[in-house]
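# Structure at a glance
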Amino acid sequence: MAYADDIVLIINNQDELDIVNEHLKNYEKASGAKLNQHKTEAVWFGNPNNKVPLAIKDQAKTTILGLEFSHTCSYNDNWSAKEREVIEELSKWENKNTTYKLRILIIKTFVLSKLMFLTNIFPPQAHTIKRLNKLLVNFIWGTTREVAKRELLFKSRKGGGLGAMDVPLKLLITFCKTIAAGVQRNAVWVGHRSRWEKKKGRARNNIPYYVLAYSDFRAKHGHLPINWVADSNKKIYKIISNDLYGGYVLYKGLQAEHYGTCVRNIFTRDMAESKRDIMWLVSVGRLAVRAVVKWSCFVKTKCCPVDGCQQDETIDHLLLECPRARDVWARIKDIGLDVEVNRNTVMFGIFVVEDQMYAGLA
Ligand SMILES: [Zn+2]
């Protein structure tokens, strides 16, 4: 479909422009439609020194399918604009009472969709990936402090992680699938397919970055059983993220045989999502007690704030060892709690009732 306002033509000089104009005139005669000259513009993409005069409005940049193209910096212009859009979207959710799960869903729903199209034209480069990750991770944590390692964030909930989407990974998969499909059907823009498939040696400087993005990403995950044309984006994401973030969280001080129970109990539906967030932070040892955040600017001391308590405020201390905690547990026992309260109970939700192991309270 070639409507007059979204034809894009690539020409080299005035002669070629004359030929185009002649064809358009014929089209106007035949159809009765008329080309709006005021909406027609040209951008010079070649070396500025070789620029030739053309009888057409000359612009520094133009918009094609919502993306900006210019002689320089198309990548940066488009990605900076996107970054601002993402920041604006995320700011709408600030100061709302959201949980990790909801914030992760917001990214999947409102952020990812903004980036998919741009990614197919300009796949994100390392510096963009870094900024994007920082932005999204800060949003999920609700603070600029990295609350837990990113691996824990991207690990699936089945493995005890938070199951957040690694957005740059998803974007690069999308880009590589588009290229792989183009190569497969010998699309015109592919050119020589060897250009995309060749192993890259020392001449990397002469290779366009998006070609390297493709071949490097394919090579990096080459050991995995992926069919880049036939497998769905979702399936490929699953395979790669499982390779990168698979397996259980290594719970400190918990016997491996209890890992499954721990994960089940942390994510039990019997608990409100906000409580689950706290339980998750406890399980991976990242609840913001003083001994955990001591390197941040938030506190200057590790010491427990409870009157007369001189111990360091670790998570174990807060939940189990502090006189205040002991007092609370004793009172709960008085009103009928019949489970033994120990480190496994408070840290990982592992309950033992009369020497028997139960999978949760239910
Ligand atoms: Zn204390």
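Preceding block: the structure.
So, a few notes on the structure that sits alongside this text.

Cut-offs used in this document
- Residues numbered from 1 in each chain as written.
- Predicted model: local features only at pLDDT ≥ 70, side-chain atom pairs only at ≥ 80, totals over all residues.
- Helix = DSSP H or I, 4+ residues; strand = E, 2+ residues; numbered from the N terminus.
- Buried ≥ 20, exposed ≤ 12 C-beta atoms within 10 Å, placed from the backbone.
- Axes fitted to C-alpha atoms, helices over the stretch in contact; angles between N-to-C directions.
- Parallel < 35°, antiparallel > 145°, perpendicular 65-115°, else oblique.
- Contact = placed C-beta atoms within 7 Å.
- Nonpolar A, V, L, I, M, F, W, Y, C, P; charged D, E, K, R; others polar.
- Expected span 1.5 Å × (residues − 1).
- Left-handed = near helix turned anticlockwise from the far one by under 90°.
- Pairing = 2+ DSSP bridges.

By the secondary structure assignment, Glu 146 is in the loop between helix H4 (126–141) and helix H5 (150–154). Here Glu 146 falls in the partly exposed class, since 14 other C-beta atoms lie within 10 Å of it.

So, about the packing of helix H6 (residues 167–184) against helix H8 (residues 209–220). Close contact between H6 and H8 brings their axes to 10 Å; oriented N to C, the two are set at 105°. On the basis of their axis angle, the class for H6 and H8 is roughly perpendicular. Side by side, H6 and H8 meet where Leu 172, Phe 175, Cys 176 and Ile 179 of the first sit next to Ala 213, Tyr 214, Phe 217 and Arg 218 of the second. Here the contact of H6 with H8 is built from residues that sort into seven nonpolar, no polar and one charged.

Before going further, it helps to spend a moment on helix H13 (residues 323–334). Compared with the 16 Å implied by 1.5 Å per residue over 12 residues, the 16 Å span of H13 between its first and last C-alpha is a close match. Counting buried positions along H13 yields zero of 12 residues, so the element is predominantly exposed. At the exit of H13 stands Gly 336, carrying a positive phi of roughly 115°.

Orientation of H6 relative to helix H9 (residues 233–245), taken along the N-to-C sense of each, is 130°, at an axis distance of 10 Å. Compared by their axis directions, H6 and H9 come out oblique. Regarding H6 and H9, the two cross each other, and that crossing is right-handed. Judged by residue contacts, Leu 169, Lys 170, Ile 173, Thr 174 and Lys 177 of H6 engage Asn 233, Ile 236, Tyr 237, Ile 240 and Ser 241 from H9. For the contact of H6 with H9, the per-class residue count stands at five nonpolar, three polar and two charged.

On to the pairing of strand S4 (residues 67–70), then. Pairing between strand S3 (residues 61–64) and S4: four bridges, direction antiparallel. Within the sheet, the bridge partner assigned to Thr 63 lies in S4 and is Glu 68.

Since there are 3.6 residues in each turn of an α-helix, residues three or four apart along the chain are aligned in direction. End to end, H6 covers 26 Å across 18 residues, agreeing with the expected 26 Å (1.5 Å per residue, within 8%). Taken as a whole, H6 has its buried residues at Val 167, Pro 168, Leu 169, Lys 170, Leu 171, Leu 172, Ile 173, Thr 174, Phe 175, Cys 176 and Ile 179. Of the residues flanking the end of H6, it is Asn 186, one or two places downstream, whose phi is positive at about 55°.

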